[in-house]
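Topology and contacts: notes
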Amino acid sequence: MSTNTNAPAFTHMIDLASERLGGKALSCSDDFFAEKENLLKSGRGIFITDKYTDRGKWMDGWESRRKRVPGYDWCIIQLATSGIIHGVDIDTNHFLGNHPPFASLEACNIAASDGNINFDAVEWKEILPKSPLNPGSQHLFEIADRNVYSHLRLNIYPDGGVARLKVYGEVVKDWSAVKDEESIDLASALNGAKSVLCNDMFFSHMDNLIMPGRGVNMGDGWETKRNRTPNNKDWVIVRLAHEGRIQKALIDTCHFKGNYPDSCMIEACTVAAGTDFATAMVEWQTILPQQKLQADHEHFFEKEIMNTDQNFTHVRLTIFPDGGISRMRLGGTIA
């Protein structure tokens, strides 16, 4: 997700191909100079002067060798979860004399149960025609196709290096496969949850709260700046993956030691899709009353959870007075 307010709207959506979300680079035609897995890492890639490998200059991206035969190079990506792609960023950051002049994207939708896939037999659909690329630049392309896809093939013409591929879109989950009483994390990005608004994310982005796994470091969480205002409180609103009943919660302050919040509380509401929380009058109900927190610790709450018989669409996590939370998990059943 982007923090640039001038970027296209789709860049504020979730990166379906992100390695940290579960995206994978499955195969490629060639990655002689730099590994295909780099494509899905966070950030834009870095450059280290005078760093070399036994194959040449070390580059933070996917780079194929110079092609001496007809054709082009390609890389197949498995998205972290099936979804609708709204836009992509093909970033050639730091690839200056070795970027591909053109790229295209194809997509397909393959059921997770298909196991080993023969991609040569897959029917690919072009979602981005052959498009020009510049050296050392982000290339933001809007995708008009609104079908659901699970895999992508990035084609570069004829060869060269791409630092990152971001695939912005919305998660599409088959909720018919979820049983009525099955407990599911309603605040998981993998299930389709999304952080929609917060009052502060000075140090790190609010979407980190709902990523899978535990935070890898202090930057992998939601952290607000130090606030000197008496009785300050910071907050973040998360759209649940599906309307449902919340029965348990986990608040994880992993890696936050001298900067964890003193306490937190969780409220919930039921509103229509697309509600603008910046202007709407919303009636919040307490789900988790204010609770003391500890440094670098997983806090499990179940008996403390209130209003477990009501369905909600959004939650608001409030921290007192400020600080950082690594992850929030909300176990419950769907409506």
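Look up a bit, the structure's there.
Residues numbered from 1 in each chain as written. Predicted model: local features only at pLDDT ≥ 70, side-chain atom pairs only at ≥ 80, totals over all residues. Heavy atoms only, no water.

**Things to note about the side chain of Glu 223**
The condition that has to hold: Secondary structure elements follow DSSP: runs of H or I no shorter than four residues count as helices, runs of E no shorter than two count as strands, and numbering proceeds from the N terminus. Per-residue accessibility, obtained with a 1.4 Å probe over protein chains only, is compared with the maximum for each type, and a residue is labelled buried under 20%, exposed over 50%, and partly exposed between these values. We count Lys and Arg on the positive side and Asp and Glu on the negative side, and we leave His and both chain ends out. For this document, the term salt bridge refers to a Lys or Arg side-chain nitrogen within 4 Å of an Asp or Glu carboxyl oxygen. What qualifies as a polar contact is a pair of N or O atoms within 3.5 Å, subject to a donor-acceptor requirement within protein and to the restriction that residues adjacent in sequence count only when both atoms come from side chains. Here, residues are in contact when the closest pair of their heavy atoms is within 4.5 Å.
Among the secondary structure elements, Glu 223 is positioned in strand β15 (residues 222-223). Although Glu 223 lies buried, it forms no salt bridge, and the closest oppositely charged side chain, Arg 226, sits 7.0 Å away as judged by the N-O distance. A distance of 2.9 Å separates the side chain of Glu 223 from the side chain of Asn 259, its partner in a polar contact. Sequence-distant contacts of Glu 223, that is, excluding residues within four places in its chain, are made with Asp 200, Met 201, Phe 202, Phe 203, Ser 204, Met 218, Phe 256, Asn 259, Gly 323 and Gly 324.

**As for the environment of Gln 294**
Note that Gln 294 resides in the loop between β18 (285-292) and β19 (298-301). Separated by 70 residues in the primary sequence, Gln 294 and Thr 224 place their C-alpha atoms 17 Å from one another. Each residue touching Gln 294, except ones within four places of it in the same chain, is listed here: Thr 253, Tyr 260 and His 299.

**A closer look at the pattern of salt bridges**
Evaluated as defined, the whole model comprises 18 salt bridges. Close ionic contact of Glu 37 with Lys 36 constitutes a salt bridge, the shortest N to O distance being 3.2 Å. The residue Asp 60 makes a salt bridge to Arg 164 at a minimum N-O spacing of 3.0 Å. Separated by 104 residues along the polypeptide, Asp 60 in the loop between β4 (56-57) and β5 (62-63) and Arg 164 in strand β12 (residues 164-171) bring together distant segments of the chain.

**Re the packing of aromatic side chains**
Test applied: Note on ring pairs: Phe, Tyr and Trp rings are taken, using the six-membered ring of Trp, and paired if centres are within 6.5 Å. Classes follow the plane angle, with under 30 degrees stacked, over 60 edge-to-face and the rest tilted. Whether a charge sits over a ring depends on NZ of Lys or CZ of Arg being within 6 Å of the ring centre and within 35 degrees of the ring normal.
Enumeration over the complete set of coordinates arrives at six aromatic pairs. Relative to Tyr 168, the ring of Phe 10 lies with its centre 6.1 Å away and its plane at 40°, an arrangement referred to as tilted. Taken together, the residues span a long stretch of sequence, with Phe 10 in the segment before β1 (14-15) and Tyr 168 in strand β12 at a distance of 158 residues. For Phe 10, a relative accessible area of 8% gives the class buried. On the accessibility criterion, Tyr 168 (6% relative accessible area) is buried. The positively charged end of Lys 130 is found above the aromatic ring belonging to Phe 102, 5.3 Å away from the centroid.

Read these as layout, nothing more, since geometry by itself doesn't imply function.
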